[in-house]
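# A closer look at the structure
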Amino acid sequence: MSGPDLSSLTASSAVSAVVRGDLRSEELLDAQLERIEAYNDELNLVVRLDIERARARAREADAATAHGERWGPLHGLPMTIKDSFDTAGLVTSSGNPGFADRVPEVDAAAVAQLRRAGAIVFGKTNLPLFAGDFQTDNALHGRSRNPWGPDRTVGGSSGGAAGALAAGMTLLELGSDIGGSIRSPAHYCGVFGHKASLGVVPDAGHVPGSFDLGVMGPLGRSAADLELAMRVLTADGVGDLGGSELPPPSPTSVGGRGLRIGLWSEDEAAPTSTACRAAVTAAAAALEAAGAEVVGEVRTPTSLTDQHLLYATMLTAEMAGGFPSHRIERARDDLAAGIDDPVERARATGLVLGHADWLGLNEQRHRVIAEWHRLLDDVDVVLAPVTPVPAFPHDTERKFDERFLDVDGEQVPYWLHVVWAGLATLPLLPSTAVPVQRHEGLPVGVQIVGRRFADRTTIAVAGLLEAQLGGFVPPAGF
């Protein structure tokens with residue numbers, strides 16, 4: 001490869017090199033395009049390119065650098081965007097064949113912030129249809145494959161984003177997360193991902209539309225990349241609050257000494273593999289070596305089982321608009337006949353929920369939020385698994401409700417994939433996924449959950465783990 005080595009380069013170091021004049025923006029673009037040409041036929045991670053406009057913009061960035069100008073914190077950084085975000089002049093399909101020619105006139109709000117900071121959008125990455133699965137496959141662009149093992153999923157829904165980062169096809173990504181859609185792919189592909197606190201990153205221009213539970217956030221190859229991206233994504237204020245800022249990271253999260261760590265490493269609500277539980281233990285030991293105090297296992301009064309039933313109901317209610325009418329009618333019939341499985345009953349309830357019923361569920365959620373606030377008075381962050389398993393073999397031929405996960409030889413319902421995701425999503429908290437170790441050649445990560453709006457603290461703790469354990473490691477051959 002003639003350009004810079006992208007096997008371990010981070011977005012933050014790339015921007016610094018461009019600003020210093022050590023690297024040209026066009027060089028970075030060419031290096032990523034060479035990676036895409038070399039590997040994308042096999043992996044199918046990048047589904048749209050906008051080379052001509054990106055190259056022109058990269059040359060403008062290089063000219064600006066030569067004159068001592070800097071556009072912003074992402075000056076001259078070529079990057080891709082998950083294909084659920086509107087990109088002006090570039091198709092945004094959200095994996096829907098009916099949107100194959102849909103070209104937005106304006107950028108999604110978060111994309112516009114990235115561009116204003118100097119980023120150069122040169123392509124779009126794959127996702128499941130309307131970001132609605134734990135694997136990345138759709139009828140328009142097909143299946144994405146994991147660079148750690150092409151027989152394995154990249155996760156969903158920001159699967160193309162995480163896989164492209166791992167394979168060096170991009171240096172920074174923008175994802176969205178309502179059911180672990182940033183954290184799960186980051187865990188499966190060995191990169192970093194941050195699910196922001198609800199309301200922090202603007203969600204206008206995301207397809208499908210905004211949710212009460214769904215949030216936006218960055219994926220990168222280091223904690224510094226996440227910190228950099230979050231500064232950009234909140235530069236206009238936190239959510240709709242112009243002039244507001246996220247609090248700085250806590251001093252203990254930066255240095256480690258005095259940091260209080262709680263663990264939620266296993267739970268009967270979510271059968272979890274030995275590998276994923278071991279990653280939580282390893283992360284706790286690494287933070288303890290950095291001076292943190294590991295308090296031990298912590299829990300809220302409301303069990304994870306009950307939290308998940310509430311989460312599953314509210315999540316399905318928010319997604320009900322995407323279900324066909326016959327599926328909703330079937331849910332009514334099933335509920336009338338009686339559904340024994342509590343999770344299936346919760347999902348069916350979500351499909352037929354009235355507004356008054358939703359308000360009642362929201363009151364229950366606020367009780368859970370209050371419990372989390374009290375828990376986070378006693379510890380600074382909570383470490384937990386991201387999903388029950390490392391990256392699993394592709395399973396997209398069977399219908400969603402007919403799939404299972406293999407957890408240490410035990411078959412468990414596919415829907416249990418999101419139990420650990422809901423740990424932070426239901427109470428609206430930030431969560432940062434960080435790579436910790438590998439199991440049988442596959443990356444395994446953990447999530448770091450913190451108090452609402454303490455996004456920079458969970459990212460800083462991810463940085464501590466990165467310093468202790470090494471962070472991103474490229475897959476063999478990439």
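Here goes a summary of the coordinates provided.

### Considerations on the layout of surface pockets
To find leftover empty space, one rolls a probe the size of a water molecule over the atoms. Approximately 400 Å³ is the volume found for the second largest pocket. R152, A391, F392, P393 and D406 are the residues nearest the centre of the second largest pocket, which is lined by 19 residues in total. Of the residues forming the lining of the second largest pocket, the biggest block, three residues, is contributed by strand β10 (residues 404-407). Considering only residue class, the lining of the second largest pocket consists of ten nonpolar, three polar and six charged.

### Details of the pairing of strand β7 (residues 260-263)
Sheet topology note: the β7/strand β8 (residues 293-297) ladder contains four bridges and is parallel. In the strand pairing of β8, I261 is matched with V294. Running through helix α9 (residues 274-289), the crossover from β7 to the neighbouring parallel element β8 is right-handed. By the bridge criterion, three bridges tie β7 to strand β9 (residues 381-385) in an arrangement that is parallel. Residue pairing for β9: L263 is matched across the bridge by L383.

### Considering the sheet that holds β8
Here eight strands make up an open sheet; going across it, the order is β4-β6-β5-β12-β13-β9-β7-β8 and the pairing mixed. Every interior strand has two partners, whereas the edge strands, β4 (173-177) and β8, have only one. With strand direction ignored, the average angle separating the axes of adjacent strands in the sheet is 30°. Looking at chain direction, strand β5 (residues 192-195) and strand β6 (residues 215-220) are connected through two bridges and run antiparallel. Note that in β6 the partner of F192 across the bridge is G220. Relative to the sheet, helix α5 (residues 159-166) contacts β4 and β6, its axis offset from that of β6 by approximately 15°. The sheet strands contacting helix α13 (residues 355-378) are β7, β9 and β13 (442-450), and the helix crosses β9 at an angle near 110°.

### Let's talk about the packing of helix α2 (residues 25-43) against helix α3 (residues 51-66)
One can describe the packing of α2 onto α3 by two numbers: an axis separation of 7 Å at closest approach and a directional angle of 150°. Classed by the angle they form, the pair α2 and α3 counts as roughly antiparallel. Side by side, α2 and α3 meet where S25, E26, L29, D30 and L33 of the first sit next to I51, A54, R55, A58, R59, A61 and D62 of the second. By residue class, the composition of the contact of α2 with α3 is six nonpolar, one polar and five charged.

### Notes on the pairing of β10
Side chains of β10 alternate between two faces, with L405 and V407 buried and F404 and D406 left unburied. Across four bridges, β10 lies against strand β11 (residues 410-413) in antiparallel orientation. Residue D406 lies in a different strand from β11, and its bridge partner there is Q411. Between β10 and β11, which follow one another and run antiparallel, lie two residues, and D408 among them has a positive phi close to 50°.

### Digging into the environment of G132
Inspection of the secondary structure assignment puts G132 in the loop between β3 (120-125) and α5. Of the residues examined, G132 reaches a relative accessible area of 36% and is grouped as partly exposed.

### Things to note about the sheet that holds β3
Spatially, β1-β3-β2 is the arrangement adopted by the three strands of the open sheet, whose pairing is mixed. The two strands at the open ends of the sheet, each matched to only one other strand, are β1 (46-49) and β2 (78-82). Taking each pair of neighbouring strands and ignoring which way they run, the sheet shows an average axis angle of 40°. Pairing of β2 with β3 involves five bridges; the strand directions are parallel. In the sheet register, I81 faces β3, and the bridge partner there is K124. Together, β1 and β3 form the strand contacts of α3, whose direction differs from that of β3 by roughly 150°.

About the cut-offs
- Residues numbered from 1 in each chain as written.
- Predicted model: local features only at pLDDT ≥ 70, side-chain atom pairs only at ≥ 80, totals over all residues.
- Heavy atoms only, no water.
- 1 Å grid on protein atoms, 1.4 Å probe; cavity = no way out; pocket = protein on both sides within 12 Å on 5 of 7 lines; lining within 4 Å.
- Points joined across faces, edges and corners; volume = space filled by probe spheres on them.
- Helix = DSSP H or I, 4+ residues; strand = E, 2+ residues; numbered from the N terminus.
- Nonpolar A, V, L, I, M, F, W, Y, C, P; charged D, E, K, R; others polar.
- Pairing = 2+ DSSP bridges.
- Right-handed = clockwise from strand over helix to strand, strands pointing away.
- Axes fitted to C-alpha atoms, helices over the stretch in contact; angles between N-to-C directions.
- Contact = heavy atoms within 4.5 Å.
- Parallel < 35°, antiparallel > 145°, perpendicular 65-115°, else oblique.
- Buried < 20%, exposed > 50% of the residue type's maximum accessible area, 1.4 Å probe, protein only.

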